[in-house]
Amino acid sequence: MSTQHAAGRYAPSPSGDLHVGNLRTAVLAWLFARTTGRRFLIRMENLDRAVDGADRRQLDDLAALGLDWEEPVVYQTDRRAIYAGIIDELRSAGRTFECFCTRREILEAPSAPHAPQGAYPGTCRDLTDAQRAEKIAAGRPPAVRIRAETSEFTVTDLLHGSYTGMVDDFVIQRNDGTPAYNLAVVVDDAAQGVDQVVRGDDLLSSAPRQAYLATLLGETPPTYAHVPMVLNPEHVRLSKRDGAVTLADLAARGVSSERVLAHIARSLGLAAPGEVADLPTLAERFDPAALPRTPWILHPGEWD
Ligand code: GLU
């Protein structure tokens, strides 16, 4: 267990510029951490989907909104040896198995009795050595899955309360050797002393798996706050396709980062329409209990 002082964090994937939805989540992560006396950390989840230079632009954008964080920014690609060590430990402890299934085989397999919808069907859980050797000889590289000993786990979420969700034999190392997000996020949060995880509520259903893995590693799961997403007028999760949604796009339309923060603050009920308030002021007003529980629908006319 880490002895470091408690921390919150924002953990973007540097796959492009942050859009207003990402920025709003980052602002919330900062507010939750800073108003509870926590350190605030940034971690670049760049094991896949990284675009050259996107990390720098993301940090610049976060700083432009007024966020500050404790250095150094951690890059997951610098921690591959640590993930490999943990995967080895889990393997030696009999907590894993190799899985040769393709995505299609998983979808087409009959599900195990009593297994929740969408759970790994258990195909490779009990392969014999001979069966495993045969698959390896056929040239299929295996992924590594956790041998879960429960089918559900309960987490505590500051917005969703006590949330129970599915745990299955999830992948901790992909078949190309890359540590899976669900492994890296747990290892890193524990190593960095993160005890408060604020992120988009699209990840709420992943939290039980991650918290369960934390307990397998002897860690106390963090407290979560899964915050509502930002959606476009069609109620689809905001993306770059929605036009001017990054600080750079908006700056090109004459919208300053102060105004972007002002809109985010208003959407959170922390500022009046048009009021420009800096982050310390928003922190004074911040009350998790009063946060909106529904998505923010962002209309293109928002910035006019
Ligand atoms: N890197 C993930 C994302 O950008 C977030 C992971 C997390 O906060 O746990 O969606």
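Within an unreviewed UniProt entry, the label attached to the protein reads Glutamyl-Q tRNA(Asp) synthetase, and the organism entered is Gordonia paraffinivorans NBRC 108238. Looking at the Function (unreviewed entry) heading of the UniProt record, one finds this comment for the protein: "Catalyzes the tRNA-independent activation of glutamate in presence of ATP and the subsequent transfer of glutamate onto a tRNA(Asp). Glutamate is transferred on the 2-amino-5-(4,5-dihydroxy-2-cyclopenten-1-yl) moiety of the queuosine in the wobble position of the QUC anticodon." Under the UniProt heading Sequence similarities (unreviewed entry), the note attached to the protein is "Belongs to the class-I aminoacyl-tRNA synthetase family. GluQ subfamily."

Novice: Where do I start with the pattern of salt bridges in this structure?
Specialist: Between side chains of opposite charge, a pair can form when the charged atoms approach closely. Per the stated rule, a full pass over the model turns up 24 salt bridges. Between Arg9 and Asp189 there is a salt bridge; the shortest N-O distance is 3.0 Å. Of this pair, Arg9 sits in strand S1 (residues 7-10) while Asp189 sits in helix H6 (residues 181-191), and the two are 180 residues apart along the sequence. An identical accessibility class is assigned to Arg9 and Asp189; each is buried. For Glu45, the salt bridge goes to Arg43, with nearest N and O atoms at 3.0 Å. Salt bridges here are not isolated pairs; linked through shared partners, they connect Arg9, Arg43, Glu45, Arg79, Asp188 and Asp189.

Novice: Help me understand the pairing of strand S10 (residues 223-227), please; the structure alone is not making it clear to me.
Specialist: Residues in a regular strand point their side chains to alternate faces of the sheet. Most of S10 sits inside the fold, with 4 of its 5 residues counted as buried. Bridge count between strand S9 (residues 194-200) and S10: 5 bridges; the pairing is parallel. Opposite Gln196, over in S10, you have Thr223 as the bridge partner. The parallel pair S9 and S10 is bridged by helix H7 (residues 207-216), and the resulting crossover is right-handed.

Novice: Got a minute to help me understand the packing of aromatic side chains in this structure?
Specialist: Any pair of aromatic rings gets described here by the distance separating the centres and the angle formed by the planes. Per the counting criterion, the structure on display carries 3 aromatic pairs. When the ring of Phe32 is compared with that of Phe286, the centres are 5.0 Å apart and the planes differ by 80 degrees; the resulting orientation is edge-to-face. Note that Phe32 is positioned in helix H1 (residues 20-34) and Phe286 in the loop between helix H10 (279-285) and strand S12 (296-297), a separation of 254 residues in sequence. The exposure class assigned to Phe32 is buried, which follows from its relative accessible area of 2%. With a centroid separation of 6.0 Å and an interplanar angle of 35 degrees, the aromatic rings of Phe97 and Tyr120 are classed as tilted.

Novice: Looking at this structure, how should I read the site of the ligand?
Specialist: Residues in close proximity to the ligand include Arg9, Ala11, Pro12, Ser13, Glu45, Tyr181, Val185, Arg199 and Leu203, which together make up its full environment. One of the side-chain N or O atoms of Ser13 is found 3.0 Å from a nitrogen atom in the ligand. The separation between a nitrogen atom of the ligand and a polar side-chain atom of Glu45 is 2.5 Å. If the ligand stood free it would expose 300 Å²; the protein chains cover 77% of that surface. For the shell around the ligand, a count of residues per class yields 5 nonpolar, 1 polar and 3 charged.

About the cut-offs
Numbering of residues starts from 1 in each chain and follows the order in which that chain's sequence is written. Since the coordinates come from a predicted model, pLDDT governs what is reported: local features require at least 70, and pairs of side-chain atoms require 80 or more to be given and counted, while whole-chain, interface and lining totals use all residues. Neither water nor hydrogens contribute to the side-chain values; these are computed over all heavy atoms in the structure. UniProt positions are given in the numbering used here, feature names are shortened, and annotations may be inferred rather than shown by experiment. Put simply, a salt bridge is a Lys or Arg side-chain nitrogen that is within 4 Å of an Asp or Glu carboxyl oxygen. Here a strand is any run of E in DSSP of at least two residues, a helix any run of H or I of at least four, and the numbering for each starts at the N terminus. Burial classes: relative accessible area under 20% of the type maximum marks a residue as buried, over 50% as exposed, and values in between as partly exposed (1.4 Å probe, protein chains only). Following DSSP output, two strands are said to pair if at least two bridges run between them. With the strands aimed away from the viewer, a crossover counts as right-handed if its path from the first strand over the helix to the second runs clockwise. Note on aromatic contacts: the rings of Phe and Tyr and the six-membered ring of Trp form a pair at centre separations within 6.5 Å, being stacked when their planes are under 30 degrees apart, edge-to-face when over 60 apart, and tilted otherwise. Being near a molecule or strand, for a residue, means having at least one of its heavy atoms within 4 Å of it. Polar contacts, as counted here, are pairs of nitrogen or oxygen atoms within 3.5 Å of one another; within protein the pair requires one atom able to donate a hydrogen and one able to accept it, and residues that are adjacent in sequence qualify only if both atoms are side-chain atoms. Accessibility throughout is a Shrake-Rupley quantity obtained with a 1.4 Å probe, and a residue counts as covered only by protein chains that appear here. Residue polarity follows a fixed list, in which Ala, Val, Leu, Ile, Met, Phe, Trp, Tyr, Cys and Pro are nonpolar, Asp, Glu, Lys and Arg are charged, and the others, Gly among them, are polar.

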